[in-house]
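Descriptive analysis of the structure
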Amino acid sequence: MLHSIVSHELHGLFYLMSATLIHQVLAPLFIYKEQQRNLLFGILLTILLFFYWNFEDIDPFIYSLHFLPLSLTTVIIFAGFVPAAMTWISFNIGCMLILNYYWEPALLSSAFILLGSYYIRHKVNQLNLKLKLTYAMGLLAVYEVLYAMLATYIRSYFSLYVLYTISFTFISLLFIIFLVFHVKKHEFHRQRIIAIEKDRMIGQLAATISHEIRNPLTSIRGFLQLLDQKELPLHDQKRYIELALSGVDQANTIINDYLNYAKPSNGLQEQLDIKEELEATLRFITPLATDHQVVIHIVHETDDPLFILGESKKLRQCLINLVKNAIESMPDGGHISLSTCKQPSGVQISITDTGVGMSKSQLDSLGMPFYTTKEQGTGLGLVVVMSIIKMMNGKISFSSAINQGTQCSILFQQK
Ligand code: ADP
Ligand code: MG
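The residue numbers shown here count from 1 along each chain, following its written sequence. To read the labels, note that chains go from A and ligands from 1, taken in the order they are written. Only residues with pLDDT of 70 or above have their local features reported here, since the model is predicted, and side-chain atom pairs are shown and tallied only from 80 upward, although totals for entire chains, interfaces and linings are computed over all residues. In computing side-chain values, all of the structure's heavy atoms are included and hydrogens and water are not.

1. Some details on the side chain of glutamate 9
- Structurally, the position occupied by glutamate 9 is in helix α1 (residues 2-30).
- When near neighbours in sequence (up to four residues on either side) are disregarded, glutamate 9 contacts Ile62, His66, Thr165, Phe168, Thr169 and Ser172. The numbering of helices and of strands both runs from the N terminus, where a helix is a DSSP run of H or I of at least 4 residues and a strand a run of E of at least 2. A contact between two residues is defined here by any heavy atoms of the two lying within 4.5 Å.

Below you can see the structure in the form of structure tokens.
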């Protein structure tokens, strides 16, 4: 007898735990409103209940004395009144239509605790574990007593069977409340940590950006003050205006680079042929290269297309940044070679220049926000590049020798 009770009760308990687990995984993925999350819990439990009716060997007595009050109380304590009402309806439909078992006592007792829960609906969210357990136990006790009073067959055949069933129900309830409480607490802590981390990042970035923008602003102010002098020669006036304008451009570039970095991706993953992407970048950048007396060659190791998954706009932005750096590293002109090839682990793009090159310590500083050796640089170009490559599951590496040139390679893993 004991064996059968425990087995049936465990089955019900597992269904309830599955609903909790699935809810825990699904809710944070795409539901942000607490109310909708709670509703999802009710829906999941109802769906699982449907499976329970269809696939389990149900003991109607344990269904009414264990599974029903256990689920209803858990939903009341953790999800609130509306999901609880949903659970109440579905469980009672089960009692009436599926099991066709003495449904009146279950309906009335569960309606009673559901109504009771209506009055504490605003409180349950704020309760600590001890109070949640106390409330849950109280609701369950009310249910069981009412049920026993209404169900004459229990009063006339009060037996060890009933006693065991009810005792295990209380133990199950203690267990499930404890479990769900801790699972929810973890989720809550995780969200808080994410929120704190976001605030910290935003604060830090805002501080660095404002610091960086202050430099051009200070110089613009200086030049404007100089312009304010009386009888300033026209030649100087022109020069100060040009310098002030270049300060405005500088501030503008910092803001643009930062916005590119902070702009979230649209998440679109299209199939891209890196050869085509590189050709498009070349077409775009050729005027700038010609201006700087830089000649660009492009070499493809294979005629086949080399596909990766990613976002074309972002990849091109990334390649333009890298080629621009290569051009800027050759103030007196030079050569850039762009190449693509297939590697055992993926496809690779290389950008090689014959520019000033970098020392070991310069190489180590690459990708640090605002690291720049250029007068007009922002030091944000490579930050953007690296975040895009990371997002596209790629790896970027640099090798360089002073006064000889730099090679940048990006390896994209092929799916
Ligand atoms: P910016 O171009 O605004 O300076 P980047 O993040 O694009 O910022 O680059 C940071 C620094 O890395 C540059 O200032 C430069 O010193 C160095 N760097 C990047 N690419 C090259 C390259 N191809 N050759 C030499 N130095 C480079
Ligand atoms: Mg740059």
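Having seen the structure, we can now continue with the description.
2. Concerning unusual backbone geometry
- The backbone of glutamate 231 shows a phi angle near 50°, a positive value even though the residue is not glycine.
- As for its placement among the helices and strands, glutamate 231 is situated in the loop between α8 (160-227) and α9 (234-262).
- Positioned with a positive phi, glutamine 293 is a non-glycine residue whose angle comes to about 55°.
- With respect to the secondary-structure elements, glutamine 293 resides in the loop between α10 (274-291) and β2 (294-300).
- For each residue, the accessible area found with a 1.4 Å probe, counting protein chains only, is set against the maximum for its type, and the residue is called buried under 20%, exposed over 50%, and partly exposed in between. Glutamine 293 sits in the exposed class, given a relative accessible area of 55%.

3. Describing the layout of surface pockets
- Here a cavity denotes a set of grid points, spaced 1 Å apart and computed over the protein atoms alone, in which a 1.4 Å probe fits but from which it cannot get out, and a pocket denotes an open set meeting protein on both sides within 12 Å along at least five of seven lines; residues with an atom within 4 Å of a point are reported as lining. Grid points are joined across faces, edges and corners, and a volume is the space filled by probe spheres set on the points. Taken as a whole, the largest pocket holds about 1100 Å³ of empty space.
- Listing elements by their share of the lining of the largest pocket, those giving two or more residues are α9, α11 (312-328), β5 (346-353), α13 (381-391) and β7 (405-413).
- Ranked by residue count, the leading element in the lining of the largest pocket is α11, at eight residues.
- A class-by-class count of the residues in the lining of the largest pocket yields 17 nonpolar, 20 polar and seven charged.
- Computed from the structure, the second largest pocket encloses a volume of approximately 480 Å³.
- In terms of lining, the second largest pocket is formed by 18 residues, of which the most central are Glu34, Asn125, Lys184, Lys185 and Phe188.
- Counting residues per element, the ones that place at least two in the lining of the second largest pocket are α1, α2 (34-55), α3 (60-78) and α8.
- Here the lining of the second largest pocket takes six residues from α8, the largest share from any one element.
- Residues belonging to the lining of the second largest pocket are distributed by class as follows: seven nonpolar, five polar and six charged. Following the grouping adopted for this structure description, the nonpolar residues are Ala, Val, Leu, Ile, Met, Phe, Trp, Tyr, Cys and Pro, the charged ones are Asp, Glu, Lys and Arg, and the polar ones are all others, Gly among them.

4. Overview of the UniProt feature "transmembrane region" (unreviewed entry) in the chain
- UniProt positions are given in the numbering used here, feature names are shortened, and annotations may be inferred rather than shown by experiment. Residues annotated in UniProt with the feature "transmembrane region" (unreviewed entry) correspond here to residues 12-32, 38-55, 67-89, 101-121, 133-154 and 160-183.
- Helix makes up 91% of residues 67-89 and strand 0%. Its end C-alpha atoms lie 14 Å apart.
- Note that residues 160-183 is 100% helix and 0% strand, and that its end C-alpha atoms are spaced 34 Å apart.

5. Comments concerning the nonpolar core
- Tyr63, Tyr147, Leu173, Ile176 and Ile177 are the most contacted members of the largest nonpolar core, which totals 52 residues.
- Counting only elements with at least two residues in this core, the list comes to α1, α2, α3, α4 (81-98), α5 (103-119), α6 (129-150) and α8.
- If we ignore the near neighbours within four places in the chain, the residues touching isoleucine 177 are Thr74, Ile77, Phe78, Leu129, Lys132, Leu133 and Ala136. Among buried residues, those of type Ala, Val, Leu, Ile, Met, Phe, Trp, Tyr and Cys that are joined through side-chain atoms within 4.5 Å constitute a nonpolar core.

6. Observations regarding the packing of α5 against α6
- Geometry is summarised by axes, namely lines fitted to C-alpha atoms with helices restricted to the contacting stretch, and by angles between N-to-C directions that run from 0 to 180 degrees. Interhelical geometry of α5 versus α6 gives an angle of 150° and a closest axis separation of 9 Å. Here α5 lies roughly antiparallel to α6, going by the angle between them. The two elements α5 and α6 meet at a crossing, and its hand is right-handed. Counted together, Pro105, Ala106, Leu108, Ser109, Ser110, Phe112 and Ile113 of α5 and Leu139, Val142, Tyr143, Leu146, Tyr147 and Leu150 of α6 form the full contact between these two elements.
- Its residues assigned to classes, the contact of α5 with α6 comprises 11 nonpolar, two polar and no charged. An angle counts as roughly parallel when it lies under 35 degrees, as roughly antiparallel when it exceeds 145, as roughly perpendicular when it falls between 65 and 115, and as oblique in every other case. Each helix crossing is assigned a hand: it is left-handed if the near helix lies turned anticlockwise from the far helix by less than a right angle, otherwise right-handed if that turn is clockwise.

7. Concerning the pattern of salt bridges
- The term salt bridge refers to a side-chain nitrogen of Lys or Arg lying within 4 Å of a carboxyl oxygen of Asp or Glu. Tallied over the full model, the rule gives five salt bridges.
- A salt bridge links glutamate 187 to arginine 37, with the nearest nitrogen and oxygen atoms 3.5 Å apart. Taken together, the positions of glutamate 187 in helix α8 and arginine 37 in helix α2 put the pair 150 residues apart, joining distant regions of the chain. A single burial state applies to glutamate 187 and to arginine 37, both of which are buried.
- As a salt-bridge pair, glutamate 328 and lysine 374 come within 2.5 Å of each other at their nearest N and O atoms. A residue pair is termed long-range when its members are at least 10 positions apart, and glutamate 328 in helix α11 and lysine 374 in the loop between α12 (360-365) and α13 qualify at 46 residues.
- The exposure class assigned to glutamate 328 is partly exposed, which follows from its relative accessible area of 39%.
- Connected via shared salt-bridge partners are Arg37, Glu187 and Arg190.

8. Things to note about the site of ligand 1
- In these notes, residues near a molecule or strand are those with any non-hydrogen atom within 4 Å of it. Of all residues adjacent to ligand 1, which total 19 residues, the nearest are Thr372, Thr373, Lys374, Thr378 and Leu382.
- Residue asparagine 325 places a side-chain N or O atom 2.8 Å away from an oxygen atom belonging to ligand 1.
- Between an oxygen atom of ligand 1 and a side-chain N or O atom of lysine 374, the distance comes to 2.7 Å.
- For every accessible area listed, the method is Shrake-Rupley and the probe measures 1.4 Å; residues are considered covered only by the protein chains on display. Within the complex, 92% of the 540 Å² of free accessible area of ligand 1 lies under protein.
- Think of it this way: if more than half of a molecule's atoms are within 2 Å of a pocket's grid points, that molecule is in the pocket or cavity. Structurally, ligand 1 is housed in the largest pocket.
- Elements supplying a minimum of two residues to the shell around ligand 1: α11 and α13. In the analysis that follows, any N or O atom pair within 3.5 Å is treated as a polar contact, provided that within protein one partner can donate a hydrogen and the other can accept it, and provided that, for residues neighboring in sequence, both atoms belong to side chains.

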